[in-house]
Amino acid sequence: MHSATVSLDPAFVVGPVRRRTFGSFVEHLGRCVYTGIHDPGHPTADADGFRGDVIELTRELGVSTVRYPGGNFVSGYRWEDAVGPVEQRPRRLDLAWHSTEPNLVGVDEFMRWAAKAGVEPMMAVNLGTRGVQEALDLLEYCNVPGGSFWADQRRANGAEDPYRIKMWCLGNEMDGPWQIGSKTPQEYGRLAAETARAMRMIDPGLELVVCGSSGSQMPTFGEWERVVLTEAYEHVDHVSAHAYYWEEDGDLASFLASVVDMDHFVESVAATADAVRAARKQTKRVHISFDEWNVWYQKRAESRPPSGDDWPVAPVLLEDRYNVADAVVVGNMLISLLRNTDRVHSASMAQLVNVIAPIMTEPGGRIWKQTIFHPFALTARHAAGEVLRLAIDSPVHKTARFGEVAVLDAVATHDAGSGDVVVFAVNRSLTGPVVLDVDLRGFPGMRVAEAVTLSNPDHTWSATADDDTSVLPRPNTSAKVADDRVRAELPPVSWSMLRLVRE
Ligand code: AHR
């Protein structure tokens, strides 16, 4: 039996828990939009065709921001196609996913959906096939009250008040050779800087996200950030980071340790941004928008777009089925995002519905939760106040990809108002439980209000539409407070939450 200790103190604070850490992503990809959020024939659909059951689960998931409309899709997107009377909107080829885009949902529909779901929109502009002018047109359409062409078009289309969208992504994954209109860092950095500068002439209060690397495995990782930020530093607020992990060749130990890479990613991008800040004699800091992250089995057949003459509408794409181990990794990624709250100011789990998603739907039919839904929903609901800097004393084990890795990983939050302390922890051991002791000397007089663990003797168990309840986070009855510490036994391959309140 392993044992590990976590020590925490109210004075050791990393930074605030940011609601934007719990963002998500809706892309025109596969069945995320069509038969995902939008399914007019569904019994719960509203007058706009949006599924009420999806909106309900989006709220239950605790989503704060939603990035839209892509992803790779945005790099070939003509946003004007999808405004105005629906029957006049053209159908277009979506080259990114070899699909047909019917343009039944566009910016106005999405903004109505976002209001209903209670989420903040995060809009992306196309810097693949388009440039400064089209970005300005979209911004004018969205944020200018009226009295100019595009603002008046929005009003004519039924949205009297401007949307006042604050967060904007300057393109998507422009470092990726798969991206329509991908660029060198010099080309992209220049275009991003010009676009950002012009967008601020319309709306100086925007928060702008420049594209960082599509993953830490990219050959240009690091250098891409350095060059792009050298071009655009003054004009942007965030640099994006994207990371997907999956279990490869049955190497579960390395997969469970994926956040070693995520932590390194954040550290490297922050260091690069700070180096550019110094070189360019800037005072502001550029923070990280981790606006795509998840488990994604990219090599599986369902991740491959259709080909040839087949250009379907809303095909089944990237519909990964997540097991218990995947949920543990997702919980661990949230631990990493919280622990890096001083540099990661925004994040979006990719994606929300059907496409590498916590929520799954049947067209016109049932809705169900994947395993990854639970750690996200519980972390979003209970992480509050400030993130604490922990001292973790954990045994280590060997992994093929990352060498020696701590078996236990954790983060804790402290809400000074209520006094609540919440510990989120994963046991990455494949074989044995970990007895976790949380040293509470800095927090006298606490009791366990809630202790839950997500695990299963068969970590390959996945939810289905017929059964999404067999592996829910269950009460962890081992959790007890004694002698200024809370002790809990965490089973192998598990994610846990311990919520402590004042007596
Ligand atoms: O989220 C799926 C895809 O992953 C997005 O379209 C793209 O940005 C990334 O490569």
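Quick summary incoming for the structure in this document. (Residues numbered from 1 in each chain as written. Predicted model: local features only at pLDDT ≥ 70, side-chain atom pairs only at ≥ 80, totals over all residues. Heavy atoms only, no water.)

**Re the overall build of the protein chain**
Okay, step 1: Along the protein chain, the regular secondary structure elements total 10 helices and 26 strands.
Okay, step 2: Here the C-alpha radius of gyration of the protein chain, 23 Å, is about what a compact globule of 503 residues would show, namely 23 Å.
Okay, step 3: Taking the principal axes of the C-alpha coordinates as reference, the protein chain spans close to 70 × 55 × 45 Å.
Okay, step 4: Looking at the protein chain as a whole, 60% of its 503 residues qualify as buried.
Okay, step 5: Once local pairs closer than 6 in sequence are excluded, the contacts in the protein chain between residues at least 24 apart make up 77%.
Okay, step 6: Put simply, the protein chain shows about 18,400 Å² of open surface, and 51% of that area lies on carbon and sulfur atoms.
Okay, step 7: For the protein chain, the separation between the mean place of its 49 positive charges and that of its 68 negative charges on side chains is 4 Å. (Helix = DSSP H or I, 4+ residues; strand = E, 2+ residues; numbered from the N terminus. Rg over C-alpha atoms; globule rule 2.2 N^0.38 Å. Buried < 20%, exposed > 50% of the residue type's maximum accessible area, 1.4 Å probe, protein only. Contact = heavy atoms within 4.5 Å. Areas by Shrake-Rupley, 256 points an atom, 1.4 Å probe, with all protein chains shown as cover. Lys, Arg positive; Asp, Glu negative; His and termini not counted. Charge placed at Lys NZ, Arg CZ, Asp CG, Glu CD.)

**Looking at the site of the ligand**
Okay, step 1: Neighbouring residues of the ligand: Phe25, Glu27, Gly71, Asn72, Trp97, Asn172, Glu173, Tyr244, Glu292, Trp296, Gln351 and Ile356.
Okay, step 2: Residue Glu27 places a side-chain N or O atom 2.6 Å away from an oxygen atom belonging to the ligand.
Okay, step 3: Take Tyr244: an N or O atom from its side chain is 2.8 Å from an oxygen atom of the ligand.
Okay, step 4: With the chains in place, 96% of the 290 Å² that the ligand exposes on its own is no longer accessible.
Okay, step 5: Classifying every residue of the shell around the ligand by side-chain character gives 5 nonpolar, 4 polar and 3 charged. (Near = heavy atom within 4 Å. Polar contact = N/O pair within 3.5 Å; in protein donor to acceptor, adjacent residues only side chain to side chain. Nonpolar A, V, L, I, M, F, W, Y, C, P; charged D, E, K, R; others polar.)

**What to know about the sheet that holds strand β11 (residues 287-295)**
Okay, step 1: The parallel open sheet is built from 8 strands, whose spatial order is β3-β4-β7-β8-β9-β10-β11-β12. Each of the sheet's edge strands pairs with one partner strand only, and the pair in question is β3 (24-25) and β12 (344-349).
Okay, step 2: Here β11 runs beside β12; their pairing, made up of 4 bridges, is parallel. For Phe290, the partnering residue across the bridge sits in β12 and is Ala347.
Okay, step 3: Helix-sheet contacts for helix α5 (residues 185-202) involve β7 (120-125), β8 (167-170) and β9 (207-210), and the interaxial angle to β8 is about 150°.
Okay, step 4: Helix-sheet contacts for helix α8 (residues 259-279) involve β10 (238-245), β11 and β12, and the interaxial angle to β11 is about 160°. (Pairing = 2+ DSSP bridges. Axes fitted to C-alpha atoms, helices over the stretch in contact; angles between N-to-C directions.)

**Here we look at the nonpolar core**
Okay, step 1: If you look at the biggest cluster of nonpolar residues, it comprises 136 residues, and the most contacted ones within it are Trp113, Trp168, Phe290 and Trp293.
Okay, step 2: Apart from the residues lying within four places of it in its own chain, the contact partners of Phe290 are Ala241, His242, Ala243, Met262, Phe265, Val266, Leu337, Val344, Ser346, Ala347 and Ser348.
Okay, step 3: Judged by nonpolar contacts, the second largest core, of 25 residues, contains Ala410, Val421, Val423 and Ala425. (Core = buried A, V, L, I, M, F, W, Y, C linked by side-chain atoms within 4.5 Å.)

**Quick notes on helix α10 (residues 373-382)**
Okay, step 1: Here α10 lies mainly inside the structure; 9 of its 10 residues are buried.
Okay, step 2: Every buried residue belonging to α10 is among Phe373, His374, Pro375, Phe376, Ala377, Leu378, Thr379, Ala380 and His382, and all of these are buried.

**Description of the environment of Val144**
Okay, step 1: Turning to its location among the elements, Val144 is positioned in the loop between α3 (132-143) and α4 (149-156).
Okay, step 2: When the C-alpha positions of Val144 and Phe73 are compared, they lie 25 Å apart, and in sequence the two are 71 residues distant.
Okay, step 3: With sequence-adjacent residues up to four places away left out, Val144 is seen in contact with Leu139, Ala151, Arg154, Pro162 and Ile202.

**Focus on the side chain of Glu173**
Okay, step 1: Topologically, Glu173 is positioned in the loop between β8 and α5.
Okay, step 2: For the buried Glu173, which has no salt bridge, the nearest side chain bearing the opposite charge is Arg67, at an N-O separation of 6.6 Å.
Okay, step 3: Leaving out residues up to four positions away in the same chain, Glu173 has contacts with Asn72, Trp178, Gln179, Cys211, Ser214, His242 and Glu292. (Salt bridge = Lys/Arg side-chain N within 4 Å of Asp/Glu carboxyl O.)

**A word on the side chain of Glu140**
Okay, step 1: Its place among the elements puts Glu140 in helix α3.
Okay, step 2: Among buried charged residues, Glu140 stands out as having no salt bridge; its nearest opposite-charge side chain is Arg154, 8.0 Å away.
Okay, step 3: At 3.4 Å, the side chain of Glu140 forms a polar contact with the backbone nitrogen of Phe149.
Okay, step 4: When near neighbours in sequence (up to four residues on either side) are disregarded, Glu140 contacts Ser148, Phe149, Trp150, Ala151, Arg154 and Ile202.

**Topic: the packing of α3 against α5**
Describing two packed helices takes the angle between their axes plus the distance from one axis to the other.
Okay, step 1: Where α3 contacts α5, the axes come no closer than 9 Å and their chain directions differ by 30°. Considering their axes alone, α3 and α5 lie roughly parallel with respect to each other. Handedness of the α3/α5 crossing: right-handed. In contact with Val132, Ala135, Leu136, Leu139 and Glu140 of α3, α5 contributes Leu191, Glu194, Thr195, Ala198, Met199 and Ile202.
Okay, step 2: Class assignment for the residues of the contact of α3 with α5 results in 8 nonpolar, 1 polar and 2 charged. (Parallel < 35°, antiparallel > 145°, perpendicular 65-115°, else oblique. Left-handed = near helix turned anticlockwise from the far one by under 90°.)

**Re the packing of aromatic side chains**
Okay, step 1: Under the criterion given, the structure shown has 15 aromatic pairs.
Okay, step 2: Consider the rings of Phe149 and Trp150, whose centres lie 4.9 Å apart with planes at 80°: the pair is edge-to-face.
Okay, step 3: On the accessibility criterion, Trp150 (17% relative accessible area) is buried.
Okay, step 4: In this structure an aromatic cluster arises from ring pairing among Trp79, Tyr141, Phe149 and Trp150. (Phe/Tyr/Trp six-rings, centres within 6.5 Å; stacked < 30°, edge-to-face > 60°.)

**A few points about the sheet that holds strand β21 (residues 434-439)**
Okay, step 1: The strand order across the open sheet formed by 5 strands is β16-β1-β21-β25-β24, and the pairing between neighbours is mixed. Across the chains shown, the open sheet's two edge strands, defined by having one partner strand only, are β16 (391-393) and β24 (480-482). Between one strand axis and the next, the sheet turns by 20° as a mean value, whatever way the strands run.
Okay, step 2: Looking at chain direction, strand β1 (residues 2-7) and β21 are connected through 6 bridges and run parallel. Looking at the pairing, Val6 lines up with Val438 of β21.

**Examining the pattern of salt bridges**
Okay, step 1: Taken as a whole and assessed by the stated rule, the structure comprises 31 salt bridges.
Okay, step 2: A salt bridge links Arg31 to Glu319; the nearest nitrogen and oxygen atoms lie 2.8 Å apart. With a gap of 288 residues between them, Arg31 in the loop between β3 and α1 (52-61) and Glu319 in the loop between β11 and α9 (324-339) connect regions that are remote in the sequence.
Okay, step 3: You can call Arg31 buried: its relative accessible area is 7%.
Okay, step 4: A salt bridge links Asp439 to Arg441; the shortest N-O distance between them is 2.5 Å.

Note that all results are geometric; they support no functional claim without further evidence.
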